[in-house]
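What the coordinates show
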Amino acid sequence: MTTTPRTSRTPRRPAVGLAATVSAAGLLLSACSTGADTAGTGASADAEPVASADAEPVAGGDLTFAITVDSHCIDPQQVGNNDAIAAARQTVASLTAQDPETGEILPWLAESWEVDDDASSYTFHLRDDATFADGTPIDAEAVKTNFDAIVDLGAVASLGSQYLVGYAGTTVVDEHTVTVDFDEPSAQFLQATSTFSLGLLSPASAQLSAEDRCAGKYVGSGPFAVKSYTQDQEIVLEKVRGYAWGSEASAHTGEAYLDTVTLKVVPEASVRTGSLQSGQIDATAALNAVDLPQFDGDGFWLQYRANPGVVFNLFPNESRPLAADEAVRTALVKGIDRQQIVDTVLTPQDQPATGVLSHSTPLFEGADDLLAYDPEGAKKALDDAGWVEGADGIRVKDGQKLTTTVTFWQEPGALELVQQQLRQIGVDLQLKHVTVAEKEAANEAGDFDFDYYNLTRSDADVLRTIFSANARNINQRDPEKVDELLDDSAAATDPEERKKLVTEASRLLLERGHAIPVYELSTTIAAADRVQGLTFEASSRLDFYDAWVTDGAEQ
């Protein structure tokens, strides 16, 4: 199968300023990670251009952006949370890019590519004028060095290593041609080459220790380079002079407009709000929902986008007795009023989950019928399974109370309401709020009843990555029919066939209660009017490349 990218394409104009509001989002795991379906891909209409998008960009100037936390690593091939990604994405170019409106895969460092019929071999033809920030040419050998290094990092490269599962190796065909082979079909890989996780570092940087790379000592291939990194304070990026290989998903191809981007660590939400009001920062994507309306106009703008990928879910650990009970799991699916959660805890612009995947994910097909609020159906499922309501309203079976625990680190608002809703059907859901480190340790040990998170990626393979018994197997269960569907989807190259497999697998996950969706995560940029062109890439990651400020130095 040969892919011939378009070469005469008008670059997209970034959306600047959409009046919308959204819940605050702190850290989230990402895996690259849109609604109306177009030729097998989806497109999000959440972000629409406004009049200011027609203004002419100017070069020069600095932008300060507030993030919530420093995870002490900014290496693109190792990071996994939004705040670190905000810095890392700017420092690497990828083989391909993904159009945020259509989901189409477009040229970047690779001018064209071919994919064999079973999606197990990919050949990329690289442009011949791109370099790393230190002037080292980006060639086929550099691609091989990077992919081999990501595999060697293993679990430390939590996202990239998943995209390279089954990696058989990379062959340098000639200076600007490289072939990447897999032991089995891997239809997700082409989209994976558009992500920051497979972004390219200089060959010398790829050989650095994981610790040095986390500290920002690497040399990247993107429009910005790390100027300085002071842990728990700020990350300063500076434009790469001579950069001239922007992707076809961007609005221009030359150097970044901004001289510097400073990502300042501001943990307190109230301080971020005050800093934006006072002009100490220019923008942020981490304001509380109640504070967003004050930045809707009057010198500020808001832009909203739903994150593609797996929505926030309760994930049952089915190696535990209660979570192993299918009646309990399916009762939880029926017993959650998702619309009430959005109406009460979130905002009108947020959306209740309508499937395991977000509506902004390519190949999405809704399953509203399986997620309808049905407390009576939930009670009947528990009744039929022998769970009898006790004197305190909590159900009991064989002397065991229907009490279970969800372990999480995020803001508790949505889960507190879920807890109240489930109590109405006789389920006692205990909330265990822990640190990120404690959560990771619990996951590693399998010491949890229910997990709770989302995973962002603009490709439906994120479903297989999480749920397949042959991949992460978040449910800790034996293989069954759904795993065949998920694994077959990884080998399907026809978009319609792949969508059919993903849709059937999604419905099975809901019908068996392996997935218990709650709501779709979204991201909102709040910025001062001096900031223009700051927008999202296809996985709802921040993109500073086309951004500029009205007081730039050069006209």
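Cut-offs applied
- Residues numbered from 1 in each chain as written.
- Predicted model: local features only at pLDDT ≥ 70, side-chain atom pairs only at ≥ 80, totals over all residues.
- Heavy atoms only, no water.
- Phe/Tyr/Trp six-rings, centres within 6.5 Å; stacked < 30°, edge-to-face > 60°.
- Helix = DSSP H or I, 4+ residues; strand = E, 2+ residues; numbered from the N terminus.
- Buried < 20%, exposed > 50% of the residue type's maximum accessible area, 1.4 Å probe, protein only.
- Pairing = 2+ DSSP bridges.
- Contact = heavy atoms within 4.5 Å.
- Patch = residues over 30% accessible without salt bridge, like charges linked within 9 Å, V, L, I, M, F, W, Y side chains within 5 Å.
- Areas by Shrake-Rupley, 256 points an atom, 1.4 Å probe, with all protein chains shown as cover.
- Salt bridge = Lys/Arg side-chain N within 4 Å of Asp/Glu carboxyl O.
- Lys, Arg positive; Asp, Glu negative; His and termini not counted.
- Charge placed at Lys NZ, Arg CZ, Asp CG, Glu CD.
- pLDDT = per-residue confidence, 0-100.
- Disulfide = S-S within 2.5 Å.

Considering the packing of aromatic side chains
Here the structure, examined in full by the defined rule, presents 16 aromatic pairs. Aromatic pair Phe315 and Phe467: ring centres 5.6 Å apart, planes at 45 degrees, arrangement tilted. Residue Phe315 is located in strand β17 (residues 309-316), and its partner Phe467 is located in helix α13 (residues 461-467); the two are separated by 152 residues in the primary sequence. Classification of Phe315 as buried rests on a relative accessible area of 0%. In textbook terms, an aromatic cluster arises when at least three aromatic residues are bridged by ring pairs, as seen for Tyr122, Phe124, Phe147, Tyr167, Phe182 and Phe189.

Focus: the pairing of β17
With respect to burial, β17 is a largely interior element, eight of its eight residues being buried. Note: β17 against strand β23 (residues 450-456), six bridges, orientation antiparallel. Pairing of Val310 across the sheet is with Leu455, part of β23. As defined by bridge partners, β17 adjoins strand β24 (residues 516-519) across three bridges and the pair is classed as antiparallel.

Section: the environment of Lys227
For Lys227, the location among the structural elements is in strand β12 (residues 224-230). What makes Lys227 exposed here is its relative accessible area of 53%. Note: C-alpha distance between Lys227 and Thr262 (35 residues apart in sequence) is 9.6 Å. Those residues within four positions of Lys227 in sequence are excluded, and the remaining contacts are Val236, Leu237 and Glu238.

Regarding the side chain of Arg464
Note on placement: Arg464 falls in helix α13. By relative accessible area, Arg464 is classed as buried at 13%. Those residues within four positions of Arg464 in sequence are excluded, and the remaining contacts are Ala471, Leu486, Asp487 and Ala490.

Looking at a negative patch on the surface
Side chains of Glu484, Asp488, Asp494, Glu496 and Glu497 sit close together on the surface and give a patch of like negative charge. Of all the secondary-structure elements, those providing two or more residues to the negative patch are α14 (481-489) and α15 (495-511).

Focus: the sheet that holds strand β15 (residues 283-284)
Reading across from one edge, β12-β13-β14-β5-β15-β25-β16 is the order of the seven strands in this open sheet, with mixed pairing throughout. Because the sheet does not close on itself, it has two edges, and the strands there are β12 and β16 (300-306). When strand β13 (residues 234-239) meets strand β14 (residues 260-265), the two strands line up antiparallel, connected through five bridges. Bridge pairing in β14 places Ile235 opposite Leu263.

Things to note about the pattern of salt bridges
Within the structure shown, the criterion is met by 30 salt bridges. The salt bridge involving Arg530 is made with Asp282; its shortest N-O contact spans 2.8 Å. Taken together, the residues Arg530 in the loop between β25 (522-528) and β26 (531-532) and Asp282 in the loop between α7 (269-278) and β15 connect sequence positions 248 residues apart. For Arg530, a relative accessible area of 23% translates into the label partly exposed.

Focus on the confidence of the model for the protein
Looking at the protein as a whole, the pLDDT averages 89, with 89% of positions reaching at least 70. For residues 1-51, every residue scores under 50 in pLDDT, and the model assigns this stretch 203 contacts once sequence neighbours within four places are set aside.

Let's talk about the state of the cysteines
Under the defined criterion, the tally for this structure stands at one disulfide. There is a disulfide in this structure between Cys73 and Cys214, and the S-S distance comes to 2.1 Å. Between Cys73 and Cys214, the disulfide has an S-S torsion of -75 degrees and is therefore left-handed. Of this pair, Cys73 sits in the loop between β5 (62-67) and α1 (82-88) while Cys214 sits in helix α6 (residues 210-214), and the two are 141 residues apart along the sequence.

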